[in-house]
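Residues per chain are reported as follows:
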2 protein chains.
Amino acid sequence: MERQTRTEKVTEAIRGRIAGRSLQPGDRLPSIRRFAQTMKVSPATVVEAYDRLAAEGVIRSRPGSGFFVCGPAAPFTISDLEPELDRAIDPFWVSRQSLDADTQMPKPGCGWLPADWMPNTVIRKALRGLARADDAVLSDYGGTRGALNLRRFLSRQFADEGLRAGPDQILLTGSGTQAIDLICRFLLRPGDRVVVDDPCYFNFQALLKAHQVEIIGVPYTPQGPDADGFAKALNEHRPRLYITNCALHNPTGATISPQTAYQVLTAAAEHNVTIVEDDIFAAFEPEPSPRLASLEGLDRVIRIGSFSKTLSASIRCGYIAARQDWIEALIDLQVATNFGGPSPFAAELVYSALSSSGYRKHMEALHRRLAGARSEVSMNLKRFGIAPWFVPRGGFYLWCRLPSGLDSACVARAALEEKLVLAPGNVFSPSQSNGAFMRFNVSQMGEPRVFDIIARAFLACA
Amino acid sequence: MERQTRTEKVTEAIRGRIAGRSLQPGDRLPSIRRFAQTMKVSPATVVEAYDRLAAEGVIRSRPGSGFFVCGPAAPFTISDLEPELDRAIDPFWVSRQSLDADTQMPKPGCGWLPADWMPNTVIRKALRGLARADDAVLSDYGGTRGALNLRRFLSRQFADEGLRAGPDQILLTGSGTQAIDLICRFLLRPGDRVVVDDPCYFNFQALLKAHQVEIIGVPYTPQGPDADGFAKALNEHRPRLYITNCALHNPTGATISPQTAYQVLTAAAEHNVTIVEDDIFAAFEPEPSPRLASLEGLDRVIRIGSFSKTLSASIRCGYIAARQDWIEALIDLQVATNFGGPSPFAAELVYSALSSSGYRKHMEALHRRLAGARSEVSMNLKRFGIAPWFVPRGGFYLWCRLPSGLDSACVARAALEEKLVLAPGNVFSPSQSNGAFMRFNVSQMGEPRVFDIIARAFLACA
């Protein structure tokens, strides 16, 4: 620790001389021996400090002739720290606002838990374990399917819900979104049609636009997609794909009913439509609900998911479970577009965290904490005359109709001026018919100032 | 440690009962108290063991009624562990063979260093540091551009080579390949034409095929692409993009000369062609060579790179440096296709490893080690009558013409029967005119058995 401080003292002294122009670009730094005497530290400390500055690109070593000050870097601007108020409120809007927002502000519009709600102790322990892993785990690309231990773990988890998928039928990916992206690249061609729920996760629309396909929205009900509307859409538009969350649907928090699941599968079979079942919120369910993949197997349903919502969004890892022949094709595609398989590093961390007892305990506590937050935020919203469209049995979303006449896009813009990121209904709606709705993330609404800002935003838009 | 062993004893006892069918799917496990007595351990140890088995999906807890054995998982097959001998030798062939090969065999055909040549000590230290990081680094998605400290670090490094690119002009990505993939998605449409070197990195071809564009090869010389051929290709085919490695070109190890660089830039300007400069091998150069991006700025050149070759391929992280307006568009595309930015986790590890003095020392030692390996392998190849097409000044590739009449694809197939992965010339060649060449990775050829297998493969194909 003390050695650390001495090294910092030396680096700071050099930085100070560069900032004060007593050392200019191209100048040679004092010799190690001389500067050690000046600073009253050992030569090894100066070596460490110069190395660090060289690694940062502040100075540069020329073998045999010492260290020299580098040229100035391009100026640093702060445009990436400021919210863009003037940007159109489209699916990208919420993504970028919530990802790039001030980290000190709660974000009721975002799709994740606050960092201090996450199982950080479990991750820290997994990291310390990883520091003792084999060299190959730390350095190599790893196999094309991704780490076998995590695939086996998922296979066992699937078996528990009645879904038979061997580790060979599972492909790890860089994230849940990347999993869908790979599937879209594999199955879709520009101009194809894809059915999504209306409303649906806004990034499905952004992703599908990147694939230049036509988006068909089917109204979503508290029992899942409207079954008649779904069948009609398939009949009329001949889509190639349907993408949905079956459990704790984003943004509504509803879950498909067994009967709707059966109707959706029957219609999809009739029209030869492939279904992507995005299971990303499944771990928030108190009891597992029916799933398309476990009802149908993996013939026309593709299961995807990730660990971003309950473990870590910083460790990027997702998965695809699908027919064996599709998995083979998806592997080639993933190699071509993101050479190597998914990060062995990430998979190892995910596996070791998920299989720890700490994680299970964390999840039990989290379920209770979320139930409390859902009911507390519901009560607070009631004071504004807001009732959730649906009362979810898990997760962190409340999908709410605003008091009559209020435009949620206006409210979101007004709140953003106070740096509060909200998620207005139409970013979720392919038909743009959800302007009166807002998705609230209850885990991000524990501070009274959130409701103060929302109240002012309501007033501004009334 | 002893606690760990006791827990394992309990988990193994349960696994044994399940394997021996004395506990069957659906059966209730012994109560915690009773099994603690049976195993002569504390109840806490049994809880820990049951939790671990539950997390693995072997057993399942039903609140209030205990733990139960889960149904069997789908059978595990070993198809992902066996090389596919019958697959066509195309760009995917080398990727999948080398990624999925037996980890105990050296891989002269692969594009990376053996795990024990990598700076694992530096990574282990960075991991222990990361275990003490803020919650947000461990759990959050992070900003859309990726970690600021790593972008600043890169900006300073670029400044040192005369390339001015502020942190705002840098976007972190999931890998170097993903960086090129994003650029292709942004700039290309199906049917567009793209120029690559002939030979070039085989995955450029796989990636471009995924984008359904036409690949135009320009013959590569020891001074870079053939300048006349390049100008002619631009004139004839009106390509949108040129993708190349300027420094230590893959597979030849050659580096573009200043004069060729100037000619390439002039021709590209005349025909409005964008250039992707993949800098992935730059850190292996003893002295920096001229670069297209530093000559031209970032007007029509896009710089990409990653840390896979010198730091870790397991920690996935790459970058793009480009015009500010293009970076903004690429951010949207990365959010849409891989929600969130690049992994904060990966970026933090990369930054803390790269800025450590241990990394610089490792790189100095690695340069010496590689120089030794290049000369030793060259001598060994000489005995087979093989001379490198070019003697590179850094890196780990030797691009070699085989003794007359030998077909490198035949040699690669024969070697694979002995589980040795080689990289035959035509996987690198858009024109399929490099059948007599082979790319050797000198860092993977330290064991005599490698040359024994190659000798037998030569005989089999003579």
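Residues numbered from 1 in each chain as written. Chains lettered and ligands numbered in written order. Predicted model: local features only at pLDDT ≥ 70, side-chain atom pairs only at ≥ 80, totals over all residues. Heavy atoms only, no water.

An unreviewed UniProt entry annotates chain A as PLP-dependent aminotransferase family protein of Hoeflea prorocentri. Listed in UniProt under the heading Sequence similarities (unreviewed entry), the comment for chain A reads: "In the C-terminal section; belongs to the class-I pyridoxal-phosphate-dependent aminotransferase family." (UniProt positions renumbered as here; feature names shortened; annotations may be inferred.)

(A) Molecular detail of the interface of chain B and chain A. Counting residues at the interface gives 112 residues for chain B and 112 residues for chain A. Between chain B and chain A the total buried area reaches about 9100 Å² when both faces are included, carbon and sulfur atoms providing 52% of it. Ranking the residues of chain B by area buried against chain A places Leu99(B), Tyr141(B) and Phe339(B) at the top, with a combined share of 8%. Seen at the junction of chain B and chain A, the total is 14 salt bridges. For Arg360(B), the salt bridge identified is with Asp51(A), shortest N-O distance 2.1 Å. Applying the counting rule to chain B against chain A returns 49 residue pairs in polar contact (both at pLDDT 80 or more). Among the elements that take part in the side of chain B that touches chain A, helix H7 (residues 148-160) of chain B stands out by supplying 8 residues, more than any other. Its residues placed into classes, the side of chain B that touches chain A shows 48 nonpolar, 31 polar and 33 charged. (Contact = heavy atoms within 4.5 Å. Buried area = accessible area lost by both parts, 1.4 Å probe. Salt bridge = Lys/Arg side-chain N within 4 Å of Asp/Glu carboxyl O. Polar contact = N/O pair within 3.5 Å; in protein donor to acceptor, adjacent residues only side chain to side chain. Helix = DSSP H or I, 4+ residues; strand = E, 2+ residues; numbered from the N terminus. Nonpolar A, V, L, I, M, F, W, Y, C, P; charged D, E, K, R; others polar.)

(B) Spotlight on the domain arrangement of chain A. Its domain assignment divides chain A into domain 1 (2-69), domain 2 (82-118 + 361-461) and domain 3 (120-357). Each of domain 1 of chain A and domain 2 of chain A has a C-alpha centre, and the two are 49 Å apart. (Domains from an automatic or database assignment.)

(C) Structural view of the sheet that holds strand E9 (residues 301-306) of chain B. All names here are of chain B. Reading across from one edge, E3-E10-E9-E8-E7-E4-E5-E6 is the order of the 8 strands in this open sheet, with mixed pairing throughout. Of all strands in the sheet, those with a lone pairing partner are strand E3 (170-173) and strand E6 (224-225), marking the two edges. Sheet topology places strand E4 (residues 193-198) next to strand E7 (residues 241-244); 3 bridges connect them, and they run parallel. Bridging from a neighbouring strand, Val-196 pairs with Ile-243 of E7. Across the sheet, H7 lies against E3, E9 and strand E10 (318-321), angled at about 125° from E3, the strand it touches most. (Pairing = 2+ DSSP bridges. Axes fitted to C-alpha atoms, helices over the stretch in contact; angles between N-to-C directions.)

(D) Structural detail: unusual backbone geometry. Cis peptide bonds are those with omega within 30 degrees of zero, and the linkage from Asp198(A) to Pro199(A) qualifies with 10°. Looking at where Pro199(A) falls in the secondary structure, it is placed in the loop between strand E4 (193-198) and helix H9 (202-210). Residues Asn250(B) and Pro251(B) are joined by a peptide bond in cis, for which omega reads 15°. Turning to its location among the elements, Pro251(B) is positioned in the loop between E7 and helix H11 (258-270). Although it is not a glycine, Gln432(A) adopts a positive phi angle of roughly 60°. For Gln432(A), the location among the structural elements is in the loop between strand E12 (423-424) and strand E13 (437-441). Using a relative accessible area of 49% as the deciding quantity, one classes Gln432(A) as partly exposed. A positive phi is found at Lys419(B), a non-glycine position, where the angle reads about 70°. (Buried < 20%, exposed > 50% of the residue type's maximum accessible area, 1.4 Å probe, protein only.)

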